[in-house]
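# Close look at the chain arrangement
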Amino acid sequence: MRNWLIKSEPYKYSWDQLVQDGSTFWDGVRNYQARNNLASMQIGELCLFYHSNEGKEVVGIARVISTSRPDPTADAETWVGVDVAPYQPLKSPVTLARIKSEPSLAQMGLLRQGRLSVVEVSREEFDIIVAISEE
DNA sequence: GCCAACGTTGGC
DNA sequence: GCCAACGTTGGC
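Here we summarise the structure given alongside this text. (Residues numbered from 1 in each chain as written. Chains lettered and ligands numbered in written order. Predicted model: local features only at pLDDT ≥ 70, side-chain atom pairs only at ≥ 80, totals over all residues. Heavy atoms only, no water.)

### Some details on the protein's contact with DNA strand C
Around DNA strand C, a shell composed of K7, Y50, S52, N53, K56, L96, K100, G114 and R115 is seen. Protein-proximal atoms of DNA strand C, defined as those within 4 Å of the protein, fall in sugar or phosphate at a share of 72%. Within the contact set of DNA strand C, a phosphate oxygen lies 2.4 Å away from a side-chain nitrogen or oxygen of K100. The residue makeup of the surface near DNA strand C, split by class, is two nonpolar, three polar and four charged. (Near = heavy atom within 4 Å. Polar contact = N/O pair within 3.5 Å; in protein donor to acceptor, adjacent residues only side chain to side chain. Nonpolar A, V, L, I, M, F, W, Y, C, P; charged D, E, K, R; others polar.)

Okay, structure coming up:
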């Protein structure tokens, strides 16, 4: 089981929208590293759901409910997506500023590779984020 | 709105 | 295969 962080600009697709929809196909990724991450996702793996640009905070946890399949919004076979569903909202959002202020999270992919929209999160980092959200 | 950090493209 | 130019993302 691996853990992930997926980013979305809330005005494009927000956590609330995911909750309302029940599940969604996570598509539109056009970056090879992010694609590789999507392709290696397994059913049941948990993803931190991060709002980029507006909010800049982790707002919930989503669960992978299908392995990857071709992204119909792409014209090449290269690109894939997975289905995700809401798992649970965070009790309180964890902001980027808060993450940056936490020494134990300094190695997070989110910080090291800010532009990557699908990034792996270690189990430890995942647990720390959840713990912070419950403070 | 600006800019840093990347990724991609295309000329050579 | 290198590198300059350009485009995109996302924080500030």
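### What about the packing of aromatic side chains?
In total, this model carries four aromatic pairs according to the counting rule given. With a centroid separation of 6.3 Å and an interplanar angle of 90°, the aromatic rings of Y13 and W26 are classed as edge-to-face. Placement of Y13 in the loop between β1 (3-8) and α1 (15-21) and of W26 in strand β2 (residues 24-26) is noted, with a sequence separation of 13 residues between them. As far as burial versus exposure is concerned, Y13 and W26 are alike and both buried. Ring geometry for W26 and F49: centres 5.5 Å apart, planes at 75°, overall edge-to-face. Of the two residues, W26 sits in strand β2 while F49 sits in strand β3 (residues 46-51), which places them 23 residues apart along the sequence. Each member of the pair, W26 as well as F49, carries the same accessibility label: buried. Site record: aromatic cluster; members linked through ring pairs are Y13, W15, W26 and F49. Its end group placed over the ring of F25, R69 keeps NZ or CZ at 4.1 Å from the ring centre. (Phe/Tyr/Trp six-rings, centres within 6.5 Å; stacked < 30°, edge-to-face > 60°. Helix = DSSP H or I, 4+ residues; strand = E, 2+ residues; numbered from the N terminus. Buried < 20%, exposed > 50% of the residue type's maximum accessible area, 1.4 Å probe, protein only. Lys NZ or Arg CZ within 6 Å of the ring centre and 35° of its normal.)

### Quick notes on the environment of Q88
Checked against the element boundaries, Q88 lands in strand β6 (residues 80-95). Setting aside residues no more than four positions away along its own chain, Q88 makes contact with W15, G60 and I61. (Contact = heavy atoms within 4.5 Å.)

### Things to note about the protein's contact with DNA strand B
Around DNA strand B sit N31, Y32, Q33, R112, Q113 and R115, and that is every residue in its neighbourhood. The share of sugar and phosphate among atoms of DNA strand B within 4 Å of the protein is 58%. Residue R115 places a side-chain N or O atom 2.7 Å away from a base oxygen belonging to DNA strand B. Across the surface near DNA strand B, the residue classes tally to one nonpolar, three polar and two charged.

### Focus on the pattern of salt bridges
Close approach of charged atoms allows side chains with opposite charge to pair. Taken as a whole, this structure holds seven salt bridges when the rule is applied. Residues K12 and E9 are paired through a salt bridge, measuring 3.4 Å at the closest nitrogen-oxygen approach. Relative accessible area serves as the criterion here: at 57%, K12 is assigned to the exposed category. With its nearest N and O atoms 3.0 Å apart, the salt bridge here joins R30 to D71. Highlighted residues: R30 in the loop between β2 and α2 (32-39) and D71 in the loop between β5 (69-70) and β6, separated in sequence by 41 residues. The network of salt bridges with shared partners includes R98, E102 and E135. (Salt bridge = Lys/Arg side-chain N within 4 Å of Asp/Glu carboxyl O.)

Nothing here speaks to function; it is geometry throughout.
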